[in-house]
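Observations on the three-dimensional arrangement
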Amino acid sequence: MAINNEIRNGELTADWSGTVDAGVVFIGRIHTPWSTISECPRHGRADGPLCRIELFETWQPALAGVDEGTLLEVFYWLHESRRDLLLQCPRNDGVTHGTFSLRSPVRPNPIGTSVTRLERREGGNLFVRGLDCLNGTPLVDLKPDRAEFVPKAPPKPGDFQVGQP
């Protein structure tokens, strides 16, 4: 897959040669209809194409309790994205925005996230709509969406803390 490394007018790259701080374990792969960045949507749509999240066998027992209809937050590694832009020009019109003010896949740690509803599950395969990543994208994590999730563990004092510390 070709990566478009073009720097647009007004964009700024980082001159960074630091070390990697942490490791990530990919727990699966995501299968979508898109094979190039130019085809991939900017945002997933709830009525978009059906996509398949393949969880590797080692991690499949962790799907216990993930049922059809569950809202899932899917975290994935945007492996084809460049990682050095500080200022970006999304419209290619010379108007720049800081990377952290955008949901662009181009960022120091290219982690993508989408909230999707589980349509069906077949073993270690989850079928969802609303993803915005390339076919073969590495899966980082799955979590129940915080809007619907009720913690299973007993409350802690910090759960009730409000206002100034």
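Now for a description of the structure that goes with this document. Note that the structure is a prediction, hence the values are computed from the model and not measured. (Residues numbered from 1 in each chain as written. Predicted model: local features only at pLDDT ≥ 70, side-chain atom pairs only at ≥ 80, totals over all residues. Heavy atoms only, no water.)

A separate point is the overall build of the protein. The number of helices and strands found in the protein is 0 helices and 10 strands. For the protein, the N- to C-terminal ordering of α and β elements is β-β-β-β-β-β-β-β-β-β. Residue pairs in contact within the protein that sit at least 24 positions apart in sequence constitute 78% of those at least 6 positions apart. When the accessible area of the protein is evaluated, it comes to approximately 11,100 Å², of which 52% is carbon and sulfur surface. Separation between the mean location of the 18 positive side-chain charges and that of the 21 negative ones in the protein comes to 2 Å. (Helix = DSSP H or I, 4+ residues; strand = E, 2+ residues; numbered from the N terminus. Contact = heavy atoms within 4.5 Å. Areas by Shrake-Rupley, 256 points an atom, 1.4 Å probe, with all protein chains shown as cover. Lys, Arg positive; Asp, Glu negative; His and termini not counted. Charge placed at Lys NZ, Arg CZ, Asp CG, Glu CD.)

This paragraph deals with the state of the cysteines. In this structure the tally under the stated criterion is 0 disulfides. Its sulfur unpaired, Cys 133 is 6.3 Å from the next cysteine sulfur, which belongs to Cys 40. (Disulfide = S-S within 2.5 Å.)

Attention shifts here to the nonpolar core. Ranked by internal contacts, the top residues of the largest apolar core, which has 21 residues, are Ile 30, Ile 53, Val 74, Leu 131, Leu 139 and Leu 142. Among the elements of the structure, β3 (51-55), β4 (71-77), β9 (125-128) and β10 (137-144) are those that each provide at least two residues to this core. What Leu 131 contacts, discounting residues up to four positions off in sequence, is Ile 30, Trp 34, Pro 41, Gly 44, Cys 51, Ile 53, Val 74, Tyr 76, Ser 114 and Thr 116. (Core = buried A, V, L, I, M, F, W, Y, C linked by side-chain atoms within 4.5 Å. Buried < 20%, exposed > 50% of the residue type's maximum accessible area, 1.4 Å probe, protein only.)

What follows deals with the side chain of Thr 137. Take Thr 137: it is sitting in strand β10. A polar side-chain atom of Thr 137 sits 2.6 Å from the main-chain carbonyl oxygen of Leu 134. Setting aside anything within four residues of it in sequence, one finds Thr 137 in contact with Gly 28, Arg 29, Ile 30, Tyr 76, Trp 77 and His 79. (Polar contact = N/O pair within 3.5 Å; in protein donor to acceptor, adjacent residues only side chain to side chain.)

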